[in-house]
Amino acid sequence: MSLVFAGACSHAPGITGRADRVGRDRLARLHAAFERMRRAIEAAEPDALLVVGAEHFANFFMDNMPAYCIGMADGYEGPIEDPDWLAIPRAAIPGDADLSRRLIAEVLEEVDVSYAEEWKFDHGIMVPLHFLTPAYDLPVVPANINCQGPPLTPVHRAWAFGRALRRACDAVPERIAMIGTGGISHWPATPDSGKINEAWDRAFLDRFAANDRDALLSYSDTDTYREAGQGGFEIRTFIAVAGAAYGARGEIWHYDPIPDFAVGCTVAVMAT
């Protein structure tokens, strides 16, 4: 039927796993933003949630690293990490293999995409689901953009992937909600972990909210790596959502650079 919701949010494992290190008021504001997004998704009455994420070598590694992959299963499991470390219990997540197959077929008309009938979710998907579908009662279609192992897909191709996802969503009878999830500036698993470039983040989010295609596609990996770390490559997930909602503007509901979470915690939406 159509894309009925589009948004983006952070997925850092510290958001759940290190929640006790952040002041109560600060944490409450972040949780309130996630709850606002949860209610907005619910109000859109979707039949499925399409999660455009950046998988962290949990399922795909350098011996088999698709630029784009969409899950095609009736069920998934997560988190792949230690549930105690992530503070998210392991759970079964419903999927919809038939819907995934039809979406993949539509995307293939424009963009080459792989599929996976087996997929264990890591924190990149489980942290958003923990807040946005806490009962795990909404079928999920996972979509991965390689943001980890160079050569990375160019940002203009991430935009094209988003456009192809939008056309696919509009071609099926189901109502689809979409979220992109990633970091903005962050330096995970390095001595700089916890560093956040707030000015860079805010400039990117301004471009995202304006849905300024030319500005979003002006980012080079060299500049992003220098200013935002290797975690900054995950802007591709936000750019895909902007592509899916091209012509509409967005709104930043929450941004807070929290070193203990090692990322600028973001919750944002796009008009559809």
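## Comments concerning the pairing of strand β8 (residues 175-181)
The element β8 is largely enclosed, with a buried count of six among its seven residues. Pairing of strand β1 (residues 2-9) with β8 involves seven bridges; the strand directions are parallel. By the bridge assignment, Ala-6 is partnered in β8 with Met-178. Of the pairings in the sheet, the one linking strand β2 (residues 48-53) to β8 comprises five bridges and is parallel in character. Across the sheet, residue Leu-49 finds its bridge partner in β8, namely Ala-177.

## So, the side chain of Thr-16
Looking at where Thr-16 falls in the secondary structure, it is placed in helix α1 (residues 14-17). A polar atom in the side chain of Thr-16 sits 2.6 Å from the backbone oxygen of Leu-86.

## Digging into the pairing of β2
Two faces make up the sheet, and in a regular strand the side chains alternate between them. Burial of β2 is extensive: six of the six residues sit out of reach of the surface. In this structure, β2 lies alongside strand β7 (residues 140-145), joined through five bridges in parallel fashion. Bridge pairing links Gly-53 to Asn-144 in β7.

## Quick word on the sheet that holds β8
Sheet architecture is open: eight strands sit in the order β6-β3-β7-β2-β8-β1-β10-β9, paired in mixed fashion. Of all the strands in the sheet, the pair left with one neighbour each is β6 (114-116) and β9 (250-258). Between one strand and the next, the sheet's axes are offset by a mean angle of 20°, whatever the strand orientation. Relative to β7, strand β3 (residues 68-71) runs antiparallel, the two sharing three bridges. Its bridge partner being in β7, Ile-70 is matched across the sheet by Ala-143. Sheet strands touched by helix α4 (residues 97-107): β2, β3, β6, β7 and β8. Its angle to β3, the strand with the most contacts, is close to 155°.

## What to know about the packing of α4 against helix α6 (residues 155-171)
For any two helices packed against each other, one specifies the crossing angle of their axes together with the interaxial distance. Look at α4 against α6: their axes get within 8 Å of each other, and the N-to-C directions meet at 125°. Between α4 and α6, the crossing angle belongs to the class labelled oblique. As α4 runs across α6, the sense of the crossing is right-handed. Contact residues: Leu-103, Glu-106 and Val-107 in α4; Phe-161, Ala-164, Leu-165, Ala-168, Cys-169 and Ala-171 in α6. A breakdown of the residues in the contact of α4 with α6 according to their chemical character gives eight nonpolar, no polar and one charged.

## A short note on the pattern of salt bridges
The tally for this structure, following the rule as stated, stands at 13 salt bridges. The salt bridge involving Arg-226 is made with Glu-227; its shortest N-O contact spans 3.3 Å. Residue class for Glu-227 comes out partly exposed when judged on its relative accessible area of 30%. One connected set of salt bridges, linked through shared partners, spans Glu-35, Arg-38, Arg-39 and Glu-42.

## Remarks on the state of the cysteines
Inspection of every chain in the model, using the stated rule, returns zero disulfides. Sulfur of Cys-9: no disulfide; nearest cysteine sulfur belongs to Cys-265 and is 10 Å away. Counting only cysteine sulfurs, Cys-147 is the nearest neighbor of Cys-69, a cysteine outside any disulfide, at a range of 13 Å.

## Overview of unusual backbone geometry
With an omega of 0°, the peptide bond between Gly-78 and Pro-79 qualifies as cis. For the bond from Pro-150 to Pro-151, the omega torsion is 5°, close enough to zero to count as cis. With respect to the helices and strands, Pro-151 occurs in the loop between β7 and α6. One non-glycine residue, Ala-189, adopts positive backbone phi at about 55°. You can call Ala-189 exposed: its relative accessible area is 85%. One non-glycine residue, Ala-262, adopts positive backbone phi at about 65°.

## Side note on the packing of aromatic side chains
In total, this model carries 13 aromatic pairs according to the counting rule given. Centroid distance Phe-57 to Phe-61: 5.2 Å. Interplanar angle 75°. Geometry classified as edge-to-face. We classify Phe-57 as partly exposed; its relative accessible area is 35%. According to the relative accessible area criterion, Phe-61 is partly exposed, its value standing at 47%. Ring plane angle 80° and centroid distance 6.5 Å describe the contact between Trp-119 and Phe-121, whose orientation is recorded as edge-to-face. With respect to burial, Trp-119 and Phe-121 carry one shared label: buried. An aromatic cluster of at least three residues, connected via ring pairs, comprises Trp-200, Phe-204, Phe-208, Tyr-219 and Phe-238. One cation-aromatic arrangement involves Arg-36 over Trp-253; the distance from NZ or CZ to the ring centre is 3.9 Å.

Reading guide: rules and limits
Residues numbered from 1 in each chain as written. Predicted model: local features only at pLDDT ≥ 70, side-chain atom pairs only at ≥ 80, totals over all residues. Heavy atoms only, no water. Buried < 20%, exposed > 50% of the residue type's maximum accessible area, 1.4 Å probe, protein only. Helix = DSSP H or I, 4+ residues; strand = E, 2+ residues; numbered from the N terminus. Pairing = 2+ DSSP bridges. Polar contact = N/O pair within 3.5 Å; in protein donor to acceptor, adjacent residues only side chain to side chain. Axes fitted to C-alpha atoms, helices over the stretch in contact; angles between N-to-C directions. Contact = heavy atoms within 4.5 Å. Parallel < 35°, antiparallel > 145°, perpendicular 65-115°, else oblique. Left-handed = near helix turned anticlockwise from the far one by under 90°. Nonpolar A, V, L, I, M, F, W, Y, C, P; charged D, E, K, R; others polar. Salt bridge = Lys/Arg side-chain N within 4 Å of Asp/Glu carboxyl O. Disulfide = S-S within 2.5 Å. Phe/Tyr/Trp six-rings, centres within 6.5 Å; stacked < 30°, edge-to-face > 60°. Lys NZ or Arg CZ within 6 Å of the ring centre and 35° of its normal.

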